[in-house]
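Tertiary structure, described
In case you want the letters, here they are:
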Amino acid sequence: LIEDITSQLLRLSQIEHFKVTAKEFVDLNETIEEVITPMDRAELSKRIKFHSLNKDTYFINGNKEYIFMCFRNLIDNALKNSPKDSPIQIELDKSNCVTIKNEKLNKNLNQSHASEIFHKFKRIDKKLYEGSGLGLAVVKRIVEAHDADIAVQIDDRFFSVSVKFKTKIATN
């Protein structure tokens, strides 16, 4: 746990002053596929459902390493914080928005927690959620560095997080 906290603190400090340059481009379809492909083992391939309404390449202004890290963290969280056999739905829509939706494991988690989960070291239920509480703080900073918005919706059954990028650069 100490190594995990140290690693995430270092990552967060590196991201604090990071800004995307105008010359950096990321294909969101490709990057999300790269995140989920290593996870594509028998049990996980049944759970992760990626649907893109953009079938071609889909570039945004962004840093590939950080975008990968952002979605890896969000998808890992969805897997860890949902019932074992429930699906994880990932959708990239035509309005530059990636949404990850999962059934929530913690029935006490509600919309009032939405703003808190991005605070450093915040873990809503320390017994149920493992980790340092830094992962979503890292995600939020990556999203901000890409001039994007992040939103969380929590209802009685589902948890969803959406990352909306301001503009699409090009489609092939």
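First, a word on scope: everything that follows refers to the structure included in this document. Being a predicted model, the structure only gives us computed values, none of them experimental.

It is worth spelling out the overall build of the protein at this point. Scanning the protein for helices and strands turns up five helices and eight strands. Counting from the amino terminus, the protein carries its helices and strands in the arrangement α-β-α-α-β-β-α-β-β-α-β-β-β. Across the 172 residues that make up the protein, the buried fraction comes to 45%. Within the protein, counting contacts between residues at least 6 apart in sequence, those at least 24 apart form 70% of the total.

What follows deals with the pattern of salt bridges. All told, the structure shown has eight salt bridges when counted by the stated rule. In this structure, Asp-149 and Lys-166 form a salt bridge, with 2.8 Å as the shortest nitrogen-oxygen distance. Of this pair, Asp-149 sits in strand β6 (residues 148–154) while Lys-166 is found in the loop between β7 (158–165) and β8 (170–171), placing the two residues 17 residues apart along the sequence. Using a relative accessible area of 43% as the deciding quantity, one classes Asp-149 as partly exposed. By relative accessible area, which is 43% here, Lys-166 ends up partly exposed. Here the salt bridges do not stand alone but share partners, grouping Glu-30, Glu-34 and Lys-64 into one network.

Our focus in this paragraph is the packing of aromatic side chains. Following the criterion strictly, the structure yields zero aromatic pairs and no others. Directly above the ring of Phe-158 sits Lys-101, whose terminal nitrogen or CZ lies 4.6 Å from the centroid.

Reading the values: the criteria
- Residues numbered from 1 in each chain as written.
- Predicted model: local features only at pLDDT ≥ 70, side-chain atom pairs only at ≥ 80, totals over all residues.
- Heavy atoms only, no water.
- Helix = DSSP H or I, 4+ residues; strand = E, 2+ residues; numbered from the N terminus.
- Buried < 20%, exposed > 50% of the residue type's maximum accessible area, 1.4 Å probe, protein only.
- Contact = heavy atoms within 4.5 Å.
- Salt bridge = Lys/Arg side-chain N within 4 Å of Asp/Glu carboxyl O.
- Phe/Tyr/Trp six-rings, centres within 6.5 Å; stacked < 30°, edge-to-face > 60°.
- Lys NZ or Arg CZ within 6 Å of the ring centre and 35° of its normal.

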